[in-house]
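# Structure assessment
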Amino acid sequence: MNKMRGWTAGIFSIAVGFLLATFVASANYLQTTTSFTQQSVHQGDTLVVLVPEGTDSVSLSGWGDATTAHIQRAMRAADFEGKARQQIEVLAPTDLEFSRLILLGVGNPSELPRHTAEEMGAALAAHIQGSKASNIVLDSRLLTNPGVTADVVSAIAHGVDLRSYRFDRYKSEPAERPAQRYQWVVGNAPAVERAYSQLHALAQGVFVARELTNLPGSDGYPAAFAEYARQQLEPLGVVVTILDREQIKELGMGSLLSVSEGSKHKSHLLIAHYKNNDDEQPIALVGKGNTFDTGGYNLKTASASILRMQTDKAGGAAVVGAVKALAGQQASVNVVGVVPLSRNMISEQATLPGDVVVAGDGTTIEVANTDAEGRLILADGIWYAREHWNPRVIADIATLTGAKVGALGTEYSAIFSDHENILSTLREAGDLTRERVWQLPLDGYENVVRSRIADMKNTGAPGAQAGAIFLRHFAGDTPWVHIDMAGNALIDSASGINPEGGTGYGVRMLTEWVKIYSRQQ
Ligand code: BES
Ligand code: MN
Ligand code: ZN
């Protein structure tokens, strides 16, 4: 009997494996390795020493007087004082079996912000990627407080990881990937390893979000996005449910349904639940997963406006990434990610401007502009989260409006909420991770989405507020915040912790926010 079951299960998984193989496969994101040891390492290509401010002479165990004197002269010549981000490089350091020595200032380590440490790691990675060094030894033993050292070292190592990701699955001859070995010499290896493993899990979430964001429309359609997320999340104990077009229709979510009717790839709804505490009510994250935005019949006619619209799924990608990070960290949270997935295309079956669709909660919506599709899919995503999960709070995140880019550019995302504790905890998470947020008002814009013929229309002015006011309706009485991350999803050239391409914006902020908000009350 048992044998039978095993055999049938085997056939079943072969069949499932075959089906999955038709979707885009998971990538191996990094070729760099990171390890921690308490033993001195005397050999390598590059030695990096972390130097606190006020250190006037550097000497590590095994260094002779000649080495110490050489480094001290170099420090003086460069006015190196160990200030945070300050860096000097000494070639062929006397009597050391390293071709280069880098002194990296960390200022006062207990006051070094996490994001500064991450940016220092990213800058170091970029610098080293430009050299031939493959064996990097990093010594942190001039930092004496073990707890502080674990935070500083793990954040620098995290910055190295974030910058080392590459999206090269479409290159027939990929450029060589960053493949350095980063070996950290630390005073207390278990403490650093514990801190780093949390940030390593976070980085895995960021990478999934970047990958999903980067996938072109041809491969990143709704069902493929959902399956990719399933592959990434289920092994971590996340319960994944994927609703297809018929199920969406059955549940009455006509607004989500309407956005993909012009495409052969129909709307889907991804639900990912991770529960690791006793909270009955989950925190709900709802992300816009519009896998491509042509605008629909309100076509994006400027080539610059339609290009890169595969990144219109970045909000959904951020939600998948945050759930992946929280599960990977085994965070004690109850979180449900809901990602409405669509593909906004043109055909005989597509929604026409002026059509009226009916959302899951019964609201009738005049589609005044088919290019305002994000709020149409989020309306049902938010309603589904509220109706089926009874969440304590809902945060939606979306590349929603060009108006947001006009108002805030790409350094901040815009946040809208009537709840001060949601806004303040989001600011806290945003400041910690440097995925910063800025509040825009809702008050006074109540009537901007009034429709002549239906309950609401999907456009209004000012643009970013109209999107938010529209979405607020579907959250009902549930505490809610809307995050407009238009413009934050993609960068054209590497900068800070980001390589070129998808940024994974939102993953780190949402992950921290869910943990902060979870601890409240
Ligand atoms: N996905 C776009 C918003 C966007 C624009 C994201 C630029 C990233 C960069 C969204 O679906 C959209 O088209 N919004 C319209 C709404 C308008 C038609 C009411 C916009 O902002 O122009
Ligand atoms: Mn649009
Ligand atoms: Zn869009």
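Above this text is the structure in question.
Here is a short report on the structure shown in this document. (Residues numbered from 1 in each chain as written. Chains lettered and ligands numbered in written order. Predicted model: local features only at pLDDT ≥ 70, side-chain atom pairs only at ≥ 80, totals over all residues. Heavy atoms only, no water.)

## Description of the side chain of Asp 168
Structurally, the position occupied by Asp 168 is in the loop between helix H4 (146-164) and strand E6 (181-185). With near-sequence residues (within four places) excluded, Asp 168 lies in contact with Pro 174, Ala 175 and Arg 177. (Helix = DSSP H or I, 4+ residues; strand = E, 2+ residues; numbered from the N terminus. Contact = heavy atoms within 4.5 Å.)

## Observations concerning the pattern of salt bridges
Note that side chains of opposite charge can pair when their charged atoms are close. Following the criterion strictly, the structure yields 25 salt bridges and no others. For Lys 83, the salt bridge is made with Glu 53, and the minimal N-O distance between the two is 3.2 Å. On the criterion of sequence distance, the pair formed by Lys 83 in the loop between helix H2 (65-77) and strand E3 (87-91) and Glu 53 in the loop between strand E2 (46-52) and H2 is long-range, its members being 30 residues apart. We classify Lys 83 as partly exposed; its relative accessible area is 38%. You can call Glu 53 partly exposed: its relative accessible area is 40%. The residue Arg 114 makes a salt bridge to Glu 118 at a minimum N-O spacing of 2.9 Å. Taken together, the residues Arg 114 and Glu 118, both in helix H3 (residues 114-129) and four residues apart, mark about one turn of the helix. According to the relative accessible area criterion, Glu 118 is buried, its value standing at 1%. A single salt-bridge network, built from bridges that share partners, covers Arg 114, Glu 118, Glu 435, Arg 508, Glu 512 and Lys 515. (Salt bridge = Lys/Arg side-chain N within 4 Å of Asp/Glu carboxyl O. Buried < 20%, exposed > 50% of the residue type's maximum accessible area, 1.4 Å probe, protein only.)

## Some words on the sheet that holds strand E12 (residues 356-358)
The sheet built from three strands is open, its strands ordered E12-E13-E17 with mixed pairing. Whereas interior strands pair on both sides, the edge strands pair on one side only; in this sheet they are E12 and strand E17 (456-457). Sheet analysis places strand E13 (residues 364-366) next to E17, joined by two bridges and oriented parallel. Looking at E17, one finds that Ile 365 is bridged to Met 456. (Pairing = 2+ DSSP bridges.)

## A few points about the nonpolar core
Leu 270, Leu 285, Val 320 and Trp 513 are the most contacted members of the largest nonpolar core, which totals 65 residues. At ten residues, the largest contribution of residues to this core is made by helix H10 (residues 314-328). Residue-level mapping places this core at the junction of two domains, with at least three residues from each of domain 1 (33-187) and domain 2 (207-518). Dropping the residues within four chain positions of it, Val 320 is found in contact with Val 208, Leu 212, Phe 225, Ala 229, Leu 233, Leu 270 and Val 339. Counting residues in each nonpolar core, the second largest holds 43 residues, with Leu 256, Leu 376, Phe 470 and Ala 475 among its members. (Core = buried A, V, L, I, M, F, W, Y, C linked by side-chain atoms within 4.5 Å. Domains from an automatic or database assignment.)

## Things to note about the pairing of strand E11 (residues 334-344)
Of all the eleven residues making up E11, eleven are buried; the element is thus mostly covered by neighbouring parts of the structure. Taking every second residue as pointing to the same face, both faces of E11 are buried, with Asn 334, Val 336, Val 338, Pro 340, Ser 342 and Asn 344 on one and Val 335, Gly 337, Val 339, Leu 341 and Arg 343 on the other. The sheet contact formed by strand E8 (residues 268-275) and E11 spans eight bridges and is antiparallel. Following the sheet pairing, Leu 269 is matched in E11 by Pro 340.

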